[in-house]
Amino acid sequence: MCSSDLTISVLASDATTFTTNVDSATATGSNGGAGADQLGIGVALATNTVGSGQGNVLQASLSSTGLLSTGAVEVIASNSTSLQAQASAGSAAVGSSDKSGTSGSATGAGCEATNVSLMQISADLGGPSSAAPALLQAGALTVTASDASSAEATSVGATIVSSFAGGSSDSLSVTIGTALAENTLNNDVSAGLSNLASGSSVASLTVGASRLQGDQPSLAATAVAVSVGASSGGDGFGIAVSGGGAGVTNTLLGDVGTSVSDVQLSSTGAITISSNASQGASAKVGSGAADISLNKGGGALEVGAVTTANLLGCTSDSGATAKVGTSVSNSSLTSTGSAADISITTTVISGYDALAVPVSVAATESDFSGAFSGAFNASAIAFDVGTNVSGSSISAGGNLQITSSTASVVDHTKTDGGSLAAQLGTKGAAMSVGAGQNNNRIANSNSLVLSDGGTASASPLLIQAGGNLTIGAIQPQAQVNQAQAVAVSVALGGEVALSGGGAGITTRIADSNSTTLQGNLNLVAGAAGSGDLTLVSGSFSAPAATAQASGSAINAEIVAVSVGAGTSAGGAIGMGTVSSTLANSATTQLSANGAGAAPSLSASGDISILSFNADTLATNETIAVAGSFGADFAGAAVVNVTQGNSTSTSQTLLDAGSLNASGDVILAADALNTLTAASYGGAGSISPSVSAGIGVMIATTSLGNGGSDPEVWLRLGNGTTPFSVS
């Protein structure tokens with residue numbers, strides 16, 4: 001037993017900043033007679049790593065057989081580690097030959113910036129065991145763990161190569177530039193209060209675990225790759241090849257959890273038990289590549305590709321692996337006084353943005369020019385979120401709020417690319433291809449469960465508020481504000497010019513929100529006067545849970561442009577596909593336990609039991625155009641497909657229990673859907689001889705999932721257990 005009249009503090013903190021900068025540069029050159037060969041390579045790697053295996057441990061802990069204090073007691077663990085990695089690499093090579101022979105130059109630059117954090121941050125206070133709980137009496141009791149880690153990775157790679165040959169010499173230039181940036185934060189955060197005996201009391205109680213974000217996103221990754229190549233000569237054969245590639249990935253994992261177990265405690269002030277996770281990511285990537293070949297024979301070839309990925313709560317674009325949750329089990333919590341509110345909440349706020357831009361240019365007066373560019377994004381938000389109160393009695397002198405909430409916002413994701421292939425003469429061939437694919441997914445699993453925990457007691461567990469009692473698994477918003485894909489492809493000159501531009505967007509929002517009351521429970525609102533009881537799931541705002549929120553929304557748009565113009569023949573193809581799906585679920589349910597005991601709900605004011613989904617496809621469109629020219633033949637084709645689907649469900653299932661309200665009883669299952677789909681485009685071809693144009697535009701919307709259960713369902717009773725309203 002420990003006694004004190006002073007504040008007792010147990011503190012653990014880490015605010016380390018890790019900074020790594022790596023720069024690399026190489027340059028080579030020669031002026032040969034019969035031949036000249038040059039090679040330049042630059043490599044830069046910058047890495048910050050915190051923790052390995054199970055991760056570094058940051059812990060604040062207080063364990064005692066008893067603690068009596070008139071002052072405050074605080075157990076706090078906080079982490080604000082900052083990781084910054086920057087890598088840049090440059091390489092240049094120049095070679096020339098003034099006689100017959102071969103002039104060759106090659107350069108390569110590769111760089112990678114990586115940040116990894118693996119930590120366990122925890123704060124806990126408790127007695128030895130549930131069989132031997134501790135008596136605690138104190139002023140304000142605080143047990144919190146927080147993580148405010150951040151990671152920033154920047155990678156830049158640049159290459160320049162040129163090869164000059166005189167006379168009948170041949171020339172070859174090859175350049176490749178790559179840049180990668182990656183951030184991974186995988187920190188577990190937990191706070192716990194356990195094993196406190198009956199008679200324990202405090203002036204106020206705060207128990208919470210949190211992941212925090214400042215003014216900037218928790219994760220920021222930027223990568224840029226630039227490559228420029230040139231090959232020239234007299235009557236010889238010349239080839240210029242260039243490649244630029246860049247990729248960025250942000251991954252945020254780690255569980256955030258707060259647990260109160262086997263605690264018998266009263267408070268004269270407010271009780272706050274919470275888990276909060278606020279996180280964001282920014283991914284930006286670009287590549288620029290240009291080739292020119294000015295030989296009598298040969299050509300220029302350029303390839304550029306970029307990728308972005310933001311993975312929040314998951315390791316791929318499917319499946320949630322990170323958990324955020326609050327649990328109260330086998331406990332009795334009481335607050336006294338009309339202003340002594342109790343809140344047991346879980347809140348997750350997530351968002352990201354992504355930008356991917358490749359530009360490719362190839363020009364030659366020789367035989368062939370080819371330019372290819374691709375921009376790709378695959379990002380997702382998927383957390384396992386929940387609040388669970390099991391086998392516990394909760395009594396608030398003021399208001400009582402038990403909620404679980406997710407809010408996900410994708411500000412903007414853009415995959416915009418362009419490619420140009422140009423034949424500077426009237427012969428030869430030019431080919432250009434531009435592609436973009438933008439995939440985004442939001443799929444949080446959000447549940448709130450109140451249950452008797454399988455207790456065999458004949459007396460129901462009391463969940464009571466002196467004022468309002470609000471319970472719900474809610475989704476204030478799940479939105480993709482702007483998903484855009486732009487692909488521009490142009491092929492000009494030469495005898496034959498071929499161009500293809502295509503883009504795709506796939507967006508899916510599939511949050512599940514469920515609120516379940518099960519077993520021998522007695523819920524009371526307005527025990528000290530007037531009070532409403534609200535039980536909800538789905539698109540609602542907090543804390544005014546009956547206020548409908550904006551819900552789920554998608555804005556997606558594609559622009560694809562393709563132009564092919566040759567002296568003899570020209571061909572152009574433009575394609576765009578947009579698929580937008582809303583597949584949310586909101587379920588509010590009352591059910592009995594295995595012995596047939598069911599929840600009883602009463603209020604001195606109104607009782608509202610609701611489920612609601614709001615789905616909106618505000619902008620959902622494809623625009624693609626193609627144009628071609630050729631003296632002998634010109635052909636152009638456009639194919640656009642836009643799809644909008646909603647398979648969401650809203651279900652209020654009152655299978656067992658009783659409702660008793662002095663005011664109104666409001667029972668509802670609601671849905672509000674707005675779906676749009678549009679497809680625009682055109683194909684044009686000009687030729688004095690033969691020309692052809694094809695345009696196919698398709699736009700569809702669909703509503704409903706085709707399942708056996710209704711999409712919108714209010715069910716009173718299941719035919720096997722009693723349900724009543726009075």
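Look up: the structure comes first, before these words.
Along each chain, residue indices are assigned from 1 in the same order as the chain's sequence is written. Restriction of local features to residues with pLDDT of at least 70 applies here, the model being predicted, together with a cutoff of 80 or more for giving and counting side-chain atom pairs; totals for whole chains, interfaces and linings are based on all residues. The basis for every side-chain value is the complete set of non-hydrogen atoms in the structure, without hydrogens or water.

1. With respect to the overall build of the protein chain
For the protein chain, the count of helices and strands is 0 helices and 47 strands. The dimensions of the protein chain, computed from C-alpha atoms along their principal axes, are 100 × 55 × 35 Å. Relative accessibility under 20% of the residue-type maximum defines a buried residue, over 50% an exposed one, and the middle range a partly exposed one, all with a 1.4 Å probe and only protein chains included. Taking all 726 residues of the protein chain together, the buried fraction comes to 54%. We call two residues in contact when some of their heavy atoms are within 4.5 Å. Within the protein chain, counting contacts between residues at least 6 apart in sequence, those at least 24 apart form 88% of the total. Taken as a whole, the protein chain presents about 24900 Å² of accessible surface, with 55% of it coming from carbon and sulfur. We count a stretch as a helix when DSSP gives it H or I for four or more residues in a row; a strand needs E for two or more, and each element gets its number in order from the N terminus. The method behind every accessible area is Shrake-Rupley, applied with a 1.4 Å probe, and residues are considered shielded solely by the protein chains displayed.

2. Focus on the side chain of S687
Looking at the secondary structure, you find S687 in the loop between β44 (678-686) and β45 (690-703). Two N or O atoms count as a polar contact when they lie within 3.5 Å, although within protein this holds only if one can serve as hydrogen donor and the other as acceptor, and sequence-adjacent residues are included solely when both atoms are side-chain atoms. Only 2.7 Å separates the side chain of S687 from the backbone oxygen of G630, close enough to count as a polar contact. A polar atom in the side chain of S687 sits 3.2 Å from the backbone nitrogen of S689. Every residue in contact with S687, bar those within four places of it in the chain, is listed here: G630, A631, D632, F633 and A634.

3. Things to note about the nonpolar core
Of all hydrophobic cores here, the largest spans 96 residues; its most connected members are L125 and L601. With 8 residues, the top contributor of residues to this core is strand β30 (residues 469-492). What L601 contacts, discounting residues up to four positions off in sequence, is L517, L523, L533, L535, L590, I607, I609, S658, L659 and N660. In plain words, nonpolar cores are sets of buried Ala, Val, Leu, Ile, Met, Phe, Trp, Tyr and Cys residues tied together by side-chain atoms within 4.5 Å. A44, A89, C111 and A179 belong to the second-largest nonpolar core, a separate cluster that totals 21 residues.

4. So, empty space enclosed by the protein
Definitions used throughout: a 1 Å grid over protein atoms alone; a cavity as a set of points that fits a 1.4 Å probe which cannot get out; a pocket as an open set with protein on both sides within 12 Å along at least five of seven lines; a lining residue as one with an atom within 4 Å of a point. Grid points are joined across faces, edges and corners, and a volume is the space filled by probe spheres set on the points. In this structure the tally under the stated criterion is 1 cavity of 30 Å³ or more. Put simply, the largest cavity is a space of about 60 Å³. The wall of the largest cavity is formed by L62, S63, S64, G66, L67, L125, G126, G127, A134, L135, L136 and L196. Those elements giving two or more residues to the lining of the largest cavity turn out to be β5 (56-63), β6 (66-69), β9 (102-126) and β10 (135-137). All amino acids are sorted into three groups, where Ala, Val, Leu, Ile, Met, Phe, Trp, Tyr, Cys and Pro are nonpolar, Asp, Glu, Lys and Arg are charged, and the leftover types, Gly among them, are polar. Residue composition of the lining of the largest cavity, by class: 7 nonpolar, 5 polar and no charged.

5. Quick word on a nonpolar patch on the surface
A patch is a set of surface residues, each over 30% in relative accessible area and not in a salt bridge, joined within 9 Å for like charges and within 5 Å for the nonpolar side chains Val, Leu, Ile, Met, Phe, Trp and Tyr. What makes a salt bridge here is a side-chain nitrogen of Lys or Arg within 4 Å of a carboxyl oxygen of Asp or Glu, nothing more. Taken together, the side chains of I573, M575, V639, I694, V696 and I698 make up a nonpolar region of the molecular surface, amounting to roughly 470 Å² of accessible area. With 3 residues, the top contributor of residues to the nonpolar patch is β45. Relative to the assigned elements, I573 resides in strand β36 (residues 569-582).

6. As for unusual backbone geometry
For D262, which is not glycine, the phi torsion reads 55 degrees and is therefore positive. Relative to the assigned elements, D262 resides in strand β17 (residues 256-267).

7. Quick notes on the pattern of salt bridges
Going through the model one piece at a time under the given rule, you end up with 1 salt bridge. R715 is the partner of D655 in a salt bridge, and the nearest nitrogen-oxygen pair spans 2.7 Å. Of this pair, D655 sits in the loop between β41 (649-654) and β42 (657-661) while R715 sits in strand β46 (residues 712-716), placing them 60 residues apart in sequence.

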